Amino acid sequence: MTLDFDLTEEQLMIRDTVRKLAQNEFAPRAAEIDKEHRFPRENLKKLAELGLMGIPIPEEYGGAGCDFLSYIMAIEEISRACASTGVILAVHTSLGCFSLLYHGTEEQKKKYLTKLATGEWLGAFALTESNAGSDPSNLSTSARLEGDHYIVNGSKIFITSGGEADLYVTFVRTGPGRGHKGITCLLIEKDTPGFTIGKVEEKMGLNGSRTTELIFDNARVPRENVLGQEGEGFKVAMALLDGGRIGIGAQGLGIAQAAFDVALEYSRQRVQFGRTIAEFQAIQFMLADMATRIDAARLLVYRAARLKDKGLPHSKEASMAKMYATDTAMFVTTNAVQILGGYGYCKEYPVERYMRDAKITQIYEGTNQIQRLVIAKNLLRG
Ligand code: CAA
């Protein structure tokens, strides 16, 4: 791996600790988790034991107090071993923990952030609806105030960790009319009366991660669970996604690295026409393109993380990193399957799983077409 030259001792220590854990414990059971569609509770338990469920959250709230880049490298290493565990941790941290850290009151932080950052609770992020995917400003789940409670009605779809999470950072319409104004963010606990889990999706990949519908039928949420200002929820969501997208870029990077490692090793072993396939220029060119794109993706992802660590604007850079790293994940995993040929298409090798897992990274936390819109908007704004 490259880029070690300017990582601090602490960053290297976190990366190497997580790499060891992920390779020794998560990688060996990743195929089984995929096959059985099993939520990887045991992995989350291990992460919690090691204090890794709130890597970039200050110690006073139960986190590890590390910088964002350390967290990003952890997501990369975990996704390299088990991409399902990678997305669960990424959504929990970037969208769950950070929503509270940035927008929570002191009481909300004490009540919820400490539970999330220690791994006692798992966090989820509920923005998407059937008619509000790429355009979340069109969401229609409503919340009307009745005394000191909001009464929530509607449904959410495609929610990562639905049914497994304990706290749902949920976006609802509290104001009149349409559009992004009048959207509010509510913290909704798993056991809230009137809140149930609906359809569980059957997916192409990332089968260890649970993806479900959420149903709110006159769910009663205390008014004190408003996160940030009432009516300002859309901006809360957008700002969180700026950080979240760096995490998904890191997930793509980890999947790409895993696929590349297998393809490189296989090409050195596989003999055809009397020599290893690595000796053929056709394979060498593929490997060269794969490695170059992985390095470029890593530079973009780490740059975006560094900007965030410095408190500098990073919306454009996060979108560039997410788009490029996840397109790279699809490119590299598809080529890895090709290099392994018939074996690559079979479950005996992990590359077909990597390819299935990679596909969703181009779609969630904003499709790569949406990332291009964000990049262009930032460029044109000057
Ligand atoms: N930070 C803070 N505020 C922001 C912002 C940001 N990054 N981006 C926009 N805003 C603000 C704007 O300043 C504007 O505010 P004002 O009215 O005060 O000027 C307001 O938000 C509306 O901005 P836009 O007009 O740019 O918004 P838009 O409706 O055109 O949407 C979009 C822009 C980029 C397309 C946005 O809708 C988007 O990101 N769509 C994709 C949605 C998405 O990523 N969903 C992911 C679901 S979560 C998930 O996938 C998690 C998982 O399970 C893995």
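The following paragraphs examine the structure supplied in this document. (Residues numbered from 1 in each chain as written. Predicted model: local features only at pLDDT ≥ 70, side-chain atom pairs only at ≥ 80, totals over all residues. Heavy atoms only, no water.)

**Focus on the pattern of salt bridges**
A side chain with one charge may pair with a side chain of the opposite charge, provided their charged atoms come close. Under the definition given, this model contains 30 salt bridges. Note that K45 is salt-bridged to E49, the shortest N-O span being 3.7 Å. Linking K45 with E49, this pair stays in helix α2 (residues 41-49), spanning four residues, or about one helical turn. Using a relative accessible area of 57% as the deciding quantity, one classes K45 as exposed. A salt bridge links R268 to E265; the nearest nitrogen and oxygen atoms lie 3.8 Å apart. (Salt bridge = Lys/Arg side-chain N within 4 Å of Asp/Glu carboxyl O. Helix = DSSP H or I, 4+ residues; strand = E, 2+ residues; numbered from the N terminus. Buried < 20%, exposed > 50% of the residue type's maximum accessible area, 1.4 Å probe, protein only.)

**Section: the pairing of strand β3 (residues 149-160)**
With five bridges connecting them, strand β2 (residues 142-146) and β3 associate as antiparallel partners. The partner of L145 across the bridge, within β3, is Y150. Here β2 folds back onto β3, and the loop between the two strands holds two residues, one of which, G147, carries a positive phi near 65 degrees. As paired elements, β3 and strand β7 (residues 211-222) share nine bridges and run antiparallel to each other. In the strand pairing of β7, T160 is matched with T211. (Pairing = 2+ DSSP bridges.)

**Some points on the environment of Y364**
Here Y364 is to be found in the loop between α9 (351-361) and α10 (368-381). The exposure class of Y364 is buried, given its relative accessible area of 16%. Counting along the chain gives 230 residues from Y364 to S134, while the straight-line C-alpha distance between them is 9.4 Å. Sequence-distant contacts of Y364, defined by excluding residues within four places in its chain, comprise V87, L206, I248, Q251 and K322. (Contact = heavy atoms within 4.5 Å.)

**Looking at the site of the ligand**
Within the structure, the ligand sits among 24 residues, and T160, K235, R245, E365 and K377 are positioned closest to it. Measuring from a nitrogen atom of the ligand, one finds a backbone N or O atom of S134 at 2.9 Å. One of the side-chain nitrogen or oxygen atoms of H180 is found 2.8 Å away from an oxygen atom of the ligand. Isolated, the ligand exposes 1100 Å² of accessible area, and the fraction of that covered by the protein chains is 71%. For the ligand, the cavity whose grid points lie within 2 Å of the majority of its atoms is the largest pocket. (Near = heavy atom within 4 Å. Polar contact = N/O pair within 3.5 Å; in protein donor to acceptor, adjacent residues only side chain to side chain. Areas by Shrake-Rupley, 256 points an atom, 1.4 Å probe, with all protein chains shown as cover. 1 Å grid on protein atoms, 1.4 Å probe; cavity = no way out; pocket = protein on both sides within 12 Å on 5 of 7 lines; lining within 4 Å. Sits in = over half its atoms within 2 Å of the grid points.)

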